[in-house]
Amino acid sequence: MAERSLDSIVVLTGAGISTESGVPTFRGEDGLWRQYRAQELATPGAFHRNPTLVWEWYDWRRGLIAGCEPNAAHHTLAEMDRYCQDFVLITQNVDDLHQRAGSRRVVQLHGNIWQVRCVAESTAFENHDVPLPQIPPTCSCGALLRPHVVWFGESLDPDMLTTAYQAVEGCQLMLVVGTSAVVQPAASVPVMAKDRGAYLIEVNVERTPLSPWADEVILGPAAEELPKLWARLKEAM
Ligand code: APR
């Protein structure tokens, strides 16, 4: 990889980066909650049918995330953010572990679990209650509140998507960490970066549909592999 690769870095993270902090992934063995799979609860239809059930799941996840700490992978990305002038961290994660590790430029493509939105007024605001005093929570106008996250079948915030696409335009290094790379449009971001000439590195405990596109696939836990990778990249500068 050319020395100048560290000038402009874009990172895409997924649930796997938070595994070692104790946050379960969506797919695979640990991606279960009671008898439900995340994909069955994270839909507008599920919320319409049973807002209490969906909110119980979010309340459980919020409590879990509140008790977790950023791991070495989050901290490494925060250091990269401080180090590199042109750096964008795109995450599919709705937890706040990147921000708590000190990352400043975070694009949360799928929203933020610490924000809620009124279904009638569409206004979103912060809510850090753990546990929620009332399930399902309601707005002062009387309507239901929902998590301010993007569910299956919903569109992403167009501004965030534009920021993500613009970031990959001039990017020299695209780093993809802990995502199964199956959910669109997030999964298209690294492919787009690669098409535009970026060097693509994937860090995951297993190969993904993105692996054949990658210039390097690093197989291993992110909290172990990212600090090593960053040390190597800095040396190459
Ligand atoms: N280090 C690196 N990668 C890991 C680790 C680890 N310690 N543990 C698990 N992984 C990898 C898994 O191999 C898998 O490829 O993390 C990935 C997690 O995949 P998913 O659970 O599918 O999570 P993600 O890709 O973020 O899902 C995308 O789907 O359910 C929706 O909106 C939700 O944002 C989410 C989106």
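Scroll up a little and you will see the structure.
Residues numbered from 1 in each chain as written. Predicted model: local features only at pLDDT ≥ 70, side-chain atom pairs only at ≥ 80, totals over all residues. Heavy atoms only, no water.

So, on to the sheet that holds strand β6 (residues 111–118). Strand order in this open sheet of 3 strands is β7-β6-β8, and the pairing throughout is antiparallel. At either margin of the open sheet sits one strand with a lone partner, and together these are β7 (124–126) and β8 (145–149). With direction set aside, neighbouring strand axes in the sheet form an average angle of 45°. Contacts from helix α3 (residues 51–66) reach β6 and β8, with the element oriented near 140° to β6. (Pairing = 2+ DSSP bridges. Helix = DSSP H or I, 4+ residues; strand = E, 2+ residues; numbered from the N terminus. Axes fitted to C-alpha atoms, helices over the stretch in contact; angles between N-to-C directions. Contact = heavy atoms within 4.5 Å.)

So, on to helix α6 (residues 158–169). With 12 residues, α6 extends 17 Å from end C-alpha to end C-alpha; this agrees with the ideal 16 Å at 1.5 Å per step. Turning to α6, its buried residues are Leu161, Ala164, Ala167 and Val168. The buried residues of α6 all sit within an arc of 125° when viewed along its axis, so they share a single face. Of the exposed residues in α6, those oriented more than 90 degrees away from the buried face are Pro158, Asp159 and Gln166. Along its buried surface, α6 packs onto β1 (8–13), β4 (86–91), β9 (173–177) and α7 (188–195). The N-cap residue of α6 is aspartate 157: its side-chain oxygen and the backbone nitrogen of aspartate 159 are 2.8 Å apart. (Expected span 1.5 Å × (residues − 1). Buried < 20%, exposed > 50% of the residue type's maximum accessible area, 1.4 Å probe, protein only. Arc of directions from axis to C-beta. Polar contact = N/O pair within 3.5 Å; in protein donor to acceptor, adjacent residues only side chain to side chain.)

Before going further, it helps to examine the packing of α6 against α7. Across the interface, α6 lies against α7 with an axial gap of 8 Å and an inter-helix angle of 25°. One element, α6, and the other, α7, form an angle in the roughly parallel class. Regarding α6 and α7, the two cross each other, and that crossing is right-handed. In contact with Ala164, Tyr165 and Val168 of α6, α7 contributes Ser188, Val189, Met192 and Ala193. (Parallel < 35°, antiparallel > 145°, perpendicular 65-115°, else oblique. Left-handed = near helix turned anticlockwise from the far one by under 90°.)

Geometric descriptors of this kind do not, in isolation, establish any biological role.
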